[in-house]
Structures are given as structure tokens and as C-alpha cells.
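Report on the structure
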Amino acid sequence: MHYKIHVIDVKNALKNYIWLLEHTPTKQVVVIDPTKADLVLDYCQQQQLQLEQVWLTHWHHDHTDGVQALLAQQNILVYGPRDELSKIAFISNPLQHNDHFYFHDLKIEIIATPGHTLGHIVYFIEEIKSLFCGDVLFAMGCGRVFEGTAEQMYRSLNRLAALPIETKVYCAHEYTLSNAQFAITIEPNNIALQQRLQQVKELSAANQCTLPSSIELELETNPFLRAESAEEFARIRLVKDHF
């Protein structure tokens, strides 16, 4: 494969990750949800990468704050949710559900995932079995329902649950340990979850990144993906909000 995925740990209070997708023959990269421009520019310089595109999943500032400073450095394409143009004015290529575009020969498919925000989108790339999902799906968790409804969020998660099980899940925050500690209270007898909690504890103790996850792993261990109705999802989400 001619592609490589990099991660920048923002090391902020919200534990953001910035993902980069590199086309290795050209060293051109996409940056997804750039929290801070200086981290992206420094990383690209160190790795001799050339920034070509920005992909945004939603308007929240910890996902978009770096964009304007990146645009001040060079002219790059900014992809993002059409339904959030009023909040992200610098999107040059607005996207909605079922749209697609290309990065070199990779086809990028857009899935609408409202709930966390009303316009939230994710980027699915079947050829490299990868999903960049912002704040809709986390390892053993999901984003808070800020703008949408529990019903919307439940439907959004079901859309992602239907992706090929080998799909790697690149979410935007290192919330895995706290999510695992919550998940085990919902399903204390889930053997896969018990094992995963132990693995995550070890990774976290060593300050290691716990991502990416996979759709298969989330189907086995994520209480929000395992909820059997919107009502059950809403109940679990409410408990998590106060965990």
C-alpha cells in the first residue's frame, strides 16, 4: 500500500489526537481535525511531509482551531460538513451524506453521523479499511449528544456498526481507559471487555496510544454499539454523562 497513517498527540486537557494520512510516494498528507497548527507544521517539517488537504468532522473548536493558521501558510483544500458551513466558514469543499472524493487514488466516502453535532460527518476509506470518525464513535464509547437526539446518535452509530468488521477506527480523543472503566459497569461479565480493559490499563500506564480500534472490537466491547434500541442507548448515555 502507498499510504501510511500518522498520529500527533496534542497533549491537551481534552486528549485530542490529530491524524495524518500520507501518500508515501509523494509524501503528501491530509490532516484530520487539526487542533493546533504549530503541531501539524512542526510534524510535517520533521517528517518532510507536504500538507495537501484538511478534513473536518464537525465544528467544535478542538477540531478546527488550527485550520486558519494552516491556511495562512499555504493554499490547501478544506473538506468538511456542508450542514456546518455557518460555523466553519473556511470549508472550501462542503460534503454531505453519500458524497465521495479522492486523495490520489483513494476513494473517500462520506457518512452523515448527526448526534454529537447536527452536521457531524465521518470519512470512510474502504481500500485501506479505515474510518476517521471524529467524536461520534470512541473506543468503547461515543460522543456526548450535544445538538442532536439520542435517536439520531443511535442511528449514526448503527451506520458505523454496519461497516466491514476489519475497518480500523481512528477517533479523535484518547478516552479509552475511562470508557473501558465505564463499559465494564454495564457488562461486567463480558469476557472480551474484561480482557480489553486489562490491555488498555497496560497501554495507558506506559503512556501508549490505544488507537486505532476496529469495528469488530467495538461490536464486542462498546456498550453504545451493543445497545439494542434507541431507548437503551439513551439510558446508557445518561448514566455515562454522570459517570
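Along each chain, numbering runs from 1 in the same order as the chain's sequence is written. Per-residue local features of the predicted model are confined to residues with pLDDT of at least 70, and side-chain atom pairs are confined, for both listing and counting, to 80 or more; whole-chain, interface and lining totals are unaffected and use all residues. The basis for the side-chain values is all heavy atoms of the structure; hydrogens and waters are excluded.

**Quick notes on the packing of aromatic side chains**
- Each aromatic pair joins two rings of Phe, Tyr and Trp (for Trp, the six-membered one) with centres within 6.5 Å, and gets the label stacked for planes under 30 degrees apart, edge-to-face for over 60, and tilted for any other angle. Across all of its chains, the model carries 14 aromatic pairs by this definition.
- Taking 5.1 Å as the distance between ring centres and 70° as the angle between the ring planes, the aromatic pair formed by Phe182 and Phe243 counts as edge-to-face. Note that Phe182 is positioned in helix α5 (residues 176-186) and Phe243 in the segment after α9 (230-241), a separation of 61 residues in sequence.
- With relative accessibility at 0%, the residue Phe182 sits in the buried group.
- Taken together, the ring pairs in this structure connect Tyr17, Trp19, Trp55, Tyr79, Phe101, Tyr123, Phe132 and Tyr170 into an aromatic cluster.
- Its end group placed over the ring of Phe182, Lys240 keeps NZ or CZ at 5.8 Å from the ring centre. Only runs of H or I of at least four residues qualify as helices and only runs of E of at least two qualify as strands under DSSP, and these elements are numbered from the N terminus. Burial classification: accessible surface area is computed with a 1.4 Å probe over protein chains only, and a residue below 20% of its type maximum counts as buried, one above 50% as exposed, and the rest as partly exposed. Lysine and arginine charges are scored as sitting over a ring when NZ or CZ, respectively, is within 6 Å of the ring centre and within 35 degrees of the ring normal.

**Quick word on the side chain of Asp33**
- On the secondary structure map, Asp33 appears in the loop between β3 (28-32) and α1 (37-47).
- Residues scored as charged are limited to Lys and Arg (positive) and Asp and Glu (negative), so that His and the chain ends carry no count. We define a salt bridge as a side-chain nitrogen of Lys or Arg found within 4 Å of a carboxyl oxygen belonging to Asp or Glu. Within the buried core, Asp33 has no salt-bridge partner, and the shortest N-O distance to an opposite charge, that of Lys87, equals 15 Å.
- Whenever a nitrogen or oxygen atom comes within 3.5 Å of another N or O atom, the pair is scored as a polar contact, on the condition that within protein one atom can donate a hydrogen and the other can accept it, and that pairs from neighbouring residues in sequence are kept only if both atoms are in side chains. Polar side-chain contacts of Asp33 include one of 2.7 Å to the side chain of Thr57.
- For Asp33, the side chain forms a polar contact with the side chain of His63, separated by 2.8 Å.
- Should any heavy atoms of two residues lie within 4.5 Å, those residues are considered in contact. Beyond its immediate stretch of four places on either side in the chain, Asp33 contacts Ile18, Trp55, Leu56, Thr57, Asp62, His63 and Gly134.

**Considerations on the packing of helix α4 (residues 150-161) against α9**
- For every element, the axis is a line fit to its C-alpha atoms; helices are fit only across the contacting stretch, and the angle between N-to-C directions ranges from 0 to 180 degrees. Orientation of α4 relative to α9, taken along the N-to-C sense of each, is 105°, at an axis distance of 9 Å. Judged by the inter-axis angle, α4 sits roughly perpendicular to α9. Between α4 and α9, the residues in contact are Ala150, Glu151, Met153, Tyr154 and Leu157 and Ala230, Phe233 and Ala234, respectively.
- Each residue is assigned to one class: nonpolar for Ala, Val, Leu, Ile, Met, Phe, Trp, Tyr, Cys and Pro, charged for Asp, Glu, Lys and Arg, and polar for all the others, Gly among them. Here the residues of the contact of α4 with α9 sort into seven nonpolar, no polar and one charged. If an angle is under 35 degrees, it is roughly parallel; if it is over 145, roughly antiparallel; if it lies from 65 to 115, roughly perpendicular; otherwise it is oblique.

**So, the nonpolar core**
- To define a nonpolar core, start from buried Ala, Val, Leu, Ile, Met, Phe, Trp, Tyr and Cys residues and group those joined through side-chain atoms within 4.5 Å. With 47 residues, the main nonpolar core has Leu21, Trp55, Tyr123, Leu131, Leu137 and Leu157 as its most contacted residues.
- Non-local contacts of Leu157, meaning those with residues more than four positions away in its chain, are made with Val136, Leu137, Cys142, Phe224, Leu225 and Phe233.
- Grouped together as the second largest cluster of nonpolar side chains are 20 residues, Cys44, Leu51, Val67 and Ile91 included.

**What to know about α9**
- An ideal rise of 1.5 Å per residue puts 16 Å on twelve residues; α9 measures up with 16 Å between its terminal C-alpha atoms.
- Along α9, the residues that are buried comprise Ala230, Phe233, Ile236, Arg237 and Lys240. Along the axis of α9, the buried residues cluster in a sector spanning 125°; they form a single face. Across from the buried face of α9, at angles greater than 90 degrees, the exposed residues are Glu231 and Leu238. Multiplying one less than the number of residues by 1.5 Å gives the expected span of a helix. The arc in question is formed by the directions pointing from the helix axis toward the C-beta atoms.

**With respect to the pattern of salt bridges**
- By the definition in use, this model includes eight salt bridges.
- Among the salt bridges present, the one from Glu147 reaches Lys87, with a minimum N-O distance of 3.6 Å. Note that Glu147 is positioned in the loop between β12 (141-142) and α4 and Lys87 in the loop between β5 (77-81) and β6 (93-95), a separation of 60 residues in sequence.
- On the basis of relative accessible area, Glu147 is assigned to the partly exposed category, the value being 29%.
- By relative accessible area, Lys87 is classed as partly exposed at 49%.
- Here the salt bridges do not stand alone but share partners, grouping Arg144, Arg237 and Asp241 into one network.

**Regarding the sheet that holds β6**
- Strands are labelled as partners when DSSP assigns at least two bridges between them. Read from one edge to the other, the open sheet built from six strands follows the order β1-β2-β3-β4-β5-β6, with strand pairing classed as mixed. In this open sheet, the two edge strands, each paired with only one partner strand, are β1 (3-9) and β6. Ignoring which end each strand starts from, the neighbouring axes of this sheet average 25° apart.
- Of the pairings in the sheet, the one linking β1 to strand β2 (residues 17-23) comprises seven bridges and is antiparallel in character. Within β2, the position partnered with Asp9 by the bridge is Tyr17.
- Strands β1, β2, β3 and β4 (50-55) of the sheet are contacted by α1, whose axis makes an angle of about 135° with β1.

Remember that the coordinates give geometry; whether it matters functionally is a separate question.
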